[in-house]
Amino acid sequence: MKVFVVGATGYIGGTVAVALRDAGHSVIGLARTGERAAGLRSLGIEAVLGGFDDRTALEDAAKSSDATINVSDSDHIGVVRTLIGALAGSGKMLVHTSGSSIIVDDAKGAYASDTIVEDDAPFVAMPHRLPRIAVDHAVRRAGITDGIRTAVICPTMVYGLGRGLGRDSDQIPKIAAKSRELNAGAYIGEGANIWSNVFVEDLATLFGLVLEHAPSASFFYAENGELSLKEVAAAVSHSLGFGGKTVSWDLDAAKAELGMWPQVALATNCRVRATNARRLLGWRPAGPALSRAQLVS
């Protein structure tokens, strides 16, 4: 199968692209620069030069491929509209990558929520997550009305080193950076809040299963465990050689450094269950737990 991966130079997208290559697929990746294109080619991945707003590059690569995977900006409705338009009526597969922060609360690190959300279960979204949810809905709706087979994969906290050009995830490296400053694993507030998590190579395996077997308009959370953010901080501490020592990072101070991101990504509860992946696709994660994985490069 020829697969176009939008976001192939990134962390998740790069790991997915390499996994598809290893499975015998022909992979095309979008690259913004000649240097990134050369990097993809060095991995055995064909490169197409262009950015997220380059409609011609996106349309041509999608039309020439058997399936398209979008692992770029989860909130970029423009990419999704371009890909849906290019593939409409073709019956080809479009897989879009969302993120489980669609279901977060506003715990500020103070408590663990009892709320656990399964695939397709209703939830009350925070207002700032509504645009991402709208993108997810657009992809799923196209799988019913536009003559495309579509699916949405919604990863949780992703950990482990990437296998492509992008080696580092989002949340863990930022925790690690602050932890290096403090000589201890950093968490927000009490660190009592809980996030589900998934090993990056297990996530890549799920993409392959979705590509081959997912029903159209389907939705898949990706998780294989959960930890409080204080426990995540302890795991980062061990990875950095601090012996599990942890320290609280004041939320206001974190926001002064990184904007609203810490309040959404590090201070919330985000607990989901990957029921569809396991029951519909037979997904069986096999990677190390977050507490035992290599977290920093």
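See the structure shown above.
Read on for a plain summary of the structure. (Residues numbered from 1 in each chain as written. Predicted model: local features only at pLDDT ≥ 70, side-chain atom pairs only at ≥ 80, totals over all residues. Heavy atoms only, no water.)

## Things to note about the pairing of strand 3 (residues 46-49)
In the sheet, strand 2 (residues 26-31) pairs with strand 3 via four bridges, with the strands oriented parallel. Residue pairing across strands places Leu30 opposite Val48, the latter belonging to strand 3. Following the backbone out of strand 2, through helix 2 (residues 34-42) and into the adjacent parallel strand 3, one traces a crossover that is right-handed. (Pairing = 2+ DSSP bridges. Helix = DSSP H or I, 4+ residues; strand = E, 2+ residues; numbered from the N terminus. Right-handed = clockwise from strand over helix to strand, strands pointing away.)

## Overview of the packing of helix 6 (residues 171-182) against helix 8 (residues 229-239)
Helix 8 packs onto helix 6 with a crossing angle of 65° between their chain directions and a minimal axis gap of 10 Å. Between helix 6 and helix 8, the interaxial angle falls into the category roughly perpendicular. The chirality of how helix 6 crosses helix 8 is right-handed. Contacts between helix 6 and helix 8 pair Ile172, Ile175, Ala176 and Ser179 from the former with Leu229, Val232 and Val236 from the latter. (Axes fitted to C-alpha atoms, helices over the stretch in contact; angles between N-to-C directions. Parallel < 35°, antiparallel > 145°, perpendicular 65-115°, else oblique. Left-handed = near helix turned anticlockwise from the far one by under 90°. Contact = heavy atoms within 4.5 Å.)

## So, the environment of Asp22
Position of Asp22 among the secondary structure elements: in helix 1 (residues 11-22). Given a relative accessible area of 46%, Asp22 falls into the partly exposed group. In the structure, Asp22 is positioned 22 residues away from Gly44 in sequence and 9.7 Å away in space, judged by C-alpha atoms. Reaching out from Asp22, the side chain makes a polar contact with the side chain of Arg21 at a distance of 2.7 Å. Reaching out from Asp22, the side chain makes a polar contact with the side chain of Arg163 at a distance of 2.6 Å. (Buried < 20%, exposed > 50% of the residue type's maximum accessible area, 1.4 Å probe, protein only. Polar contact = N/O pair within 3.5 Å; in protein donor to acceptor, adjacent residues only side chain to side chain.)

## Here we look at helix 9 (residues 251-258)
By the N-cap criterion, in which a side-chain oxygen at the helix start approaches the backbone nitrogen of a residue two or three places on, helix 9 is capped by Asp250, the distance to Asp252 being 3.1 Å. With its phi angle positive at about 75°, Gly259 sits one or two positions after the end of helix 9.

## Digging into the layout of surface pockets
Quantified by volume, the largest pocket comes out at close to 840 Å³. Elements with a minimum of two residues in the lining of the largest pocket: helix 1, strand 2, strand 8 (157-159) and helix 10 (261-265). Looking at the lining of the largest pocket residue by residue, the class counts come to 14 nonpolar, 14 polar and eight charged. If you go around the second largest pocket, the residues you meet are Ile102, Glu118, Asp120, Ala121, Phe123, Ile133, Asp136, His137, Arg140, Phe219 and Tyr221. Elements that contribute at least two residues to the lining of the second largest pocket include exactly helix 5 (130-145) and strand 11 (218-222). Tallying contributions element by element places helix 5 first for the lining of the second largest pocket, with four residues. Here the residues of the lining of the second largest pocket are counted per class, giving six nonpolar, one polar and four charged. (1 Å grid on protein atoms, 1.4 Å probe; cavity = no way out; pocket = protein on both sides within 12 Å on 5 of 7 lines; lining within 4 Å. Points joined across faces, edges and corners; volume = space filled by probe spheres on them. Nonpolar A, V, L, I, M, F, W, Y, C, P; charged D, E, K, R; others polar.)

## With respect to the sheet that holds strand 7 (residues 149-155)
Taking strand neighbours across the sheet as the criterion, the seven strands line up as 3-2-1-4-5-7-11 in an open arrangement whose pairing is parallel. Every interior strand has two partners, whereas the edge strands, strand 3 and strand 11, have only one. Neighbour-to-neighbour, the strand axes of this sheet turn through a mean angle of 20°, independent of strand direction. For strand 5 (residues 93-97) and strand 7, the ladder comprises five bridges, and the chain directions are parallel. Bridge assignment links His96 to a residue of strand 7, and that residue is Val152. Lying on the sheet, helix 1 is in contact with strand 1 (2-6), strand 2, strand 4 (67-70) and strand 7; it crosses strand 1 at an angle near 170°.

## Overview of empty space enclosed by the protein
Which parts of space are left empty comes out when a probe the size of a water molecule is rolled across the atoms. Summed over the entire model, instances satisfying the criterion amount to one cavity of 30 Å³ or more. Volume-wise, the largest cavity comes out at about 40 Å³. Residues that form the lining of the largest cavity fall into these classes: five nonpolar, two polar and two charged.

## Quick word on the sheet that holds strand 8
Read across the open sheet, the three strands follow the order 8-10-12; overall the sheet is mixed. Two strands lie at the open edges of the sheet, namely strand 8 and strand 12 (226-228), each paired on one side alone. On average, each strand axis in the sheet is tilted by 40° relative to the strand beside it, whichever way the strands run. The pairing of strand 10 (residues 194-199) with strand 12 spans three bridges and is antiparallel.

## A word on helix 1
Taking 1.5 Å of rise per residue, 12 residues should cover 16 Å, and helix 1 covers 17 Å from first to last C-alpha, within 8% of that figure. Residues of helix 1 that are buried include every one of Tyr11, Ile12, Gly13, Gly14, Thr15, Val16, Ala17, Val18 and Leu20, and no others. Gly24, located one to two residues past helix 1, shows a positive phi value of around 95°. (Expected span 1.5 Å × (residues − 1).)

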